[in-house]
Amino acid sequence: MTFADAPLTEATAAAYVAAAGFRVGPVGRVGVELEYCVRDPRRPLHRPAGARILGLLAHLGDPLPGGSGVSVEPGGQVELSSAVGAGLADCVAALAADLALVRHELAAQGLVLDGTGFDTARRPRLVTDHPRYAALAEYHDRSGPKGLAVMCNSASIQVCLDAGTEEDDWTDFRRRWWLADAIGPVMMAAFANSPQVTRSGRRWVSYRQALRFGTDASRTRAPRRTDDPRRAWARYALAARVAMIAGTGPAPWHVPSGLTMRDWLRGHGPRPVTLDDLERHLGTLVPPVRPRGYLELRMIDQQPGDGWVVPAAVVTALLDDPEGAQAAADATEHLRAPLRRHRDWTTAARDGLADPALATAALACFTAAEEVLRRRDAPLPIRDAVAAFVDRYVLRGRCPADDVRRDSRRRLGVVSTG
C-alpha cells in the first residue's frame, strides 16, 4: 500500500490541507489560466467536441511553445494554463504568444474563442464522458440547473501568485491571503463580463459568479477570514460537502448526498478516505480565492480580446508590491465588515462598479496599480492596456458587462425597427 492509498485520519487530513494550501517561499512568480467558450459562428448553437478541439491543436505540442498547457473543460471550453512566469512580463509575453497560436489554428477551422464570462446562447451540455465530470454533473443536478451551467457555459480568468513568506511585511502569507480576499469583490466588480437578467427580474453583471454562489455554498463561498488562514482553510475544506467518490476497479463513481469531508473522515462514507480522495475533493472547492500552495484568484470573468492582461497586471501590482498592497488595503477599508462579508461578494456580482463603495475602492486600487506598473517599468503595452481600461470603465463607474448590455440593446433596436 502506498501513502496515497493509506486511509487518512481527520487530524492528518486537516494538517495536510493546512500545509498544502500555503507553501511558504519568496513572492514574485505569476501564472494565469484562461478559459474560453468555443463557438462556430456558422452554427451558433453547435458545441464543438473536446476531442476535435484538442485534435486541431495537437501539432502545436504539449506544452505549447510558450510553455502553456491546453485542456478542455466539461462543456468544451478551452483552458490555457500558462507556465509559471518569473514575473508578470514573462508570463504575459509567453501566454499571449501561445494564445495567438491557438486562436489562429481554431480560426482556420471557423472556430472562435468567446471573450465573455458566460455563454447565454447554448444550453449547458457535457461534451465529455470522464467519470469525474459525469459524477460532478450528477451532484449538481440534484439541486437544480445552476451547477451544470457553471460547468459547461462559464469562462474565467484565474490569476495565480505565490502564497507568501513568514516575514513581518506585506509578503507574509497571512497578510497576502487577507489582502487577496479584501480586493476580491473589487476585482469581481471591475471585470464583471457576464450580464444577465433572471426570470425574477434581478440583474447581474457577473451572472457566472452569481450562479456559482447559487450552487453549494459549502464549496463556493469565501472562507471566514481569521488570523490563521491555514486553520481556516482546513476547517473550510473539511466542512465542505463531498461531490464525488471515485470508484475502485470497474465500480462506478459514487455521488453522495450531504456527506462532508469531515463526516467521511469519521467513518460515514462508503470506504476510508485516501490522499487521492482528499486531493480530488480539494479540486472541487471553488471559493473566490483558493489556496493551492499558491493563491488562485478565481473571481474574474473572461474579457474581450486581450483584456485578460489587465487583471493579471492589476492583481500582481496590488499583491506583489509593498506600496501597492498598502494602498489596496487602505482602499478596501470600508468594505471589511466580516458579518456582512458575503454581501460584499454578491453586491459585486450584481451591481459591479455601479455600487458607490466598490467604485471608490476600484478607483483607488487601479490608480495604485498604475503607479506600481510605472515605477516597476512594466512593458508599455501592459501599462497602456491598464490605462485604457481605467479610462473606459473605472473612471466612469462601468464594467465590461455594461458594453455587452449596450450592444444587446442596439441589436434588439435594429431588429425591432427593421
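Rules of the game
- Residues numbered from 1 in each chain as written.
- Predicted model: local features only at pLDDT ≥ 70, side-chain atom pairs only at ≥ 80, totals over all residues.
- Heavy atoms only, no water.
- Helix = DSSP H or I, 4+ residues; strand = E, 2+ residues; numbered from the N terminus.
- Rg over C-alpha atoms; globule rule 2.2 N^0.38 Å.
- Contact = heavy atoms within 4.5 Å.
- Areas by Shrake-Rupley, 256 points an atom, 1.4 Å probe, with all protein chains shown as cover.
- Buried < 20%, exposed > 50% of the residue type's maximum accessible area, 1.4 Å probe, protein only.
- Pairing = 2+ DSSP bridges.
- Phe/Tyr/Trp six-rings, centres within 6.5 Å; stacked < 30°, edge-to-face > 60°.
- 1 Å grid on protein atoms, 1.4 Å probe; cavity = no way out; pocket = protein on both sides within 12 Å on 5 of 7 lines; lining within 4 Å.
- Points joined across faces, edges and corners; volume = space filled by probe spheres on them.
- Nonpolar A, V, L, I, M, F, W, Y, C, P; charged D, E, K, R; others polar.
- pLDDT = per-residue confidence, 0-100.
- Core = buried A, V, L, I, M, F, W, Y, C linked by side-chain atoms within 4.5 Å.
- Salt bridge = Lys/Arg side-chain N within 4 Å of Asp/Glu carboxyl O.
- Axes fitted to C-alpha atoms, helices over the stretch in contact; angles between N-to-C directions.
- Left-handed = near helix turned anticlockwise from the far one by under 90°.

**Considering the overall build of the protein**
Looking only at helices and strands, the protein features 17 helices and nine strands. In terms of overall dimensions, the protein is globule-like: its C-alpha atoms have a radius of gyration of 21 Å, near the 22 Å expected for 418 residues. Taking the principal axes of the C-alpha coordinates as reference, the protein spans close to 60 × 55 × 45 Å. Across the protein, contacts joining residues at least 24 apart in sequence account for 74% of those joining residues at least 6 apart. About 18,100 Å² of surface is accessible on the protein, with carbon and sulfur atoms providing 54% of the total.

**Points about the pairing of strand E9 (residues 294–301)**
For E9, a buried count of seven out of eight residues is recorded, marking the element as mostly surrounded by other parts of the structure. Judged from the three bridges that link them, strand E8 (residues 289–291) and E9 form a sheet pairing that is antiparallel. Note that in E9 the partner of Pro291 across the bridge is Leu295. Where E8 folds back on E9, the antiparallel hairpin that results is connected by two residues, among which Gly293 adopts a positive phi of roughly 95°.

**Brief notes about the packing of aromatic side chains**
Within the structure shown, the criterion is met by nine aromatic pairs. Ring centres of Phe118 and Tyr207 lie 5.5 Å apart, and the angle between their planes is 90°; on these two criteria the pair is classed as edge-to-face. Of this pair, Phe118 sits in the loop between strand E4 (112–114) and helix H4 (131–141) while Tyr207 sits in helix H7 (residues 207–213), and the two are 89 residues apart along the sequence. For the residue pair Phe118 and Tyr207, the accessibility class agrees, reading buried in each case. When the ring of Phe366 is compared with that of Phe389, the centres are 5.8 Å apart and the planes differ by 15°; the resulting orientation is stacked. Remark: Phe389 occurs in helix H16 (residues 380–392) and Phe366 occurs in helix H15 (residues 356–375); sequence separation between them is 23 residues.

**Side note on empty space enclosed by the protein**
Applying the stated criterion across every chain, the model contains four cavities of 30 Å³ or more. Taken together, Val242, Ala243, Met244, Ile245, Ala246, Trp264, Asp277, Arg280, His281 and Thr284 form the lining of the largest cavity. It is helix H11 (residues 275–284) that provides the largest number of residues to the lining of the largest cavity, a total of four residues. Within the lining of the largest cavity, the residues separate by chemical class into six nonpolar, two polar and two charged.

**Regarding the pairing of strand E3 (residues 78–81)**
Here strand E1 (residues 30–39) pairs with E3 via four bridges, running antiparallel. From the neighbouring strand, Glu33 faces E3, where its bridge partner is Ser81. Taken together, the four bridges between strand E2 (residues 69–72) and E3 define a ladder with antiparallel strand orientation. The partner of Val70 across the bridge, within E3, is Leu80.

**Regarding the environment of Ala11**
Within the secondary structure, Ala11 is located in helix H1 (residues 10–21). Exposure remark for Ala11: the relative accessible area of 59% places this residue in the exposed category.

**A look at the confidence of the model for the protein**
The predicted model of the protein averages 94 in pLDDT, with 95% of residues at 70 or higher. Across residues 414–418 the pLDDT falls below 50, and counting only partners more than four positions away or on other chains, this stretch makes zero contacts in the model.

**Focus: the nonpolar core**
Among the nonpolar cores identified, the biggest contains 108 residues, and Val32, Leu179, Met187, Trp308, Leu318 and Phe366 are the most heavily contacted of them. Looking at this core element by element, the count peaks at 11 residues for helix H6 (residues 173–190). Non-local contacts of Val32, meaning those with residues more than four positions away in its chain, are made with Leu80, Ser81, Ser82, Cys91, Leu95, Ile157, Gln158, Trp308 and Ala312.

**A closer look at the pattern of salt bridges**
Counting across every chain of the model gives 31 salt bridges. Here Arg374 makes a salt bridge to Glu371, at a shortest N to O gap of 2.5 Å. Within this pair, Arg374 and its partner Glu371 are both found in helix H15, separated by three residues, close to a single helical turn. You can call Arg374 partly exposed: its relative accessible area is 47%. Between Arg383 and Asp377 there is a salt bridge whose closest N-O contact spans 3.7 Å. Judged by its relative accessible area of 58%, Asp377 is exposed. It is possible to trace a salt-bridge network through shared partners that takes in Arg39, Asp114, Asp119 and Arg122.

**Notes on the packing of H6 against helix H12 (residues 309–320)**
Geometrically, a packed helix pair is captured by the angle between its two axes and the distance between the axes. At a minimum axis separation of 10 Å, H6 and H12 run at an interaxial angle of 145°. Considering the relative orientation of H6 and H12, their crossing is right-handed. In this structure, H6 uses Arg176, Leu179, Ala180, Ile183 and Met187 to contact H12, whose residues at the interface are Val314, Val315, Leu318, Leu319 and Asp320. Here the residues of the contact of H6 with H12 are counted per class, giving eight nonpolar, no polar and two charged.

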